[in-house]
Amino acid sequence: GGDSMMYDQNGVTMFVSNRYDYERQSSTRNHTTFVRDAASGGWNRTDTSRVLRAYPLQAIATLLQRTGFSSVTLLNESFGKVEDPGSVDRVIFVATK
């Protein structure tokens with residue numbers, strides 16, 4: 001959380017601010033990037049935003065099973081099987097229909 005400078009090299013500087021909405025279980029990450037214009041010596045600014053939404057794992061697994069999917073498996077970002085869902089930040093659902 002909070003604000004920080006994420007990158008500052010080779011004529012590129014990036015600032016990042018994070019905000020978490022507990023009510024909606026969403027995280028908003030705003031990037032402000034400055035790129036040095038070699039011709040003019042000035043800076044070009046770009047603003048972007050990314051919103052990530054969190055969902056309870058059990059709710060997704062239940063919805064998959066209710067809609068006809070079976071053998072729901074959770075994988076981590078390296079495609080290894082997740083034994084303890086509380087130990088990872090993100091999961092990949094693999095299900096068979």
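Residues numbered from 1 in each chain as written. Predicted model: local features only at pLDDT ≥ 70, side-chain atom pairs only at ≥ 80, totals over all residues. Heavy atoms only, no water.

**A few points about the side chain of Thr33**
One can find Thr33 in strand β3 (residues 26–36). Dropping the residues within four chain positions of it, Thr33 is found in contact with Val12, Thr13, Met14, Asn44, Arg45 and Thr46. (Helix = DSSP H or I, 4+ residues; strand = E, 2+ residues; numbered from the N terminus. Contact = heavy atoms within 4.5 Å.)

**Some words on unusual backbone geometry**
Unlike most non-glycine residues, Gln25 shows phi in positive territory, near 50°. One non-glycine residue, Phe79, adopts positive backbone phi at about 65°. In this structure, Phe79 sits in the loop between β5 (70–75) and β6 (92–96). Taking relative accessible area as the criterion, Phe79 reaches 61% and is therefore assigned exposed. (Buried < 20%, exposed > 50% of the residue type's maximum accessible area, 1.4 Å probe, protein only.)

**So, the environment of Val88**
Within the secondary structure layout, Val88 lies in the loop between β5 and β6. For Val88, a relative accessible area of 26% translates into the label partly exposed. On a C-alpha basis, the gap between Val88 and Gln9 in space is 31 Å, while along the polypeptide they are 79 residues apart. Leave out the neighbours within four places in its chain, and Val88 touches Asn76 and Val82.

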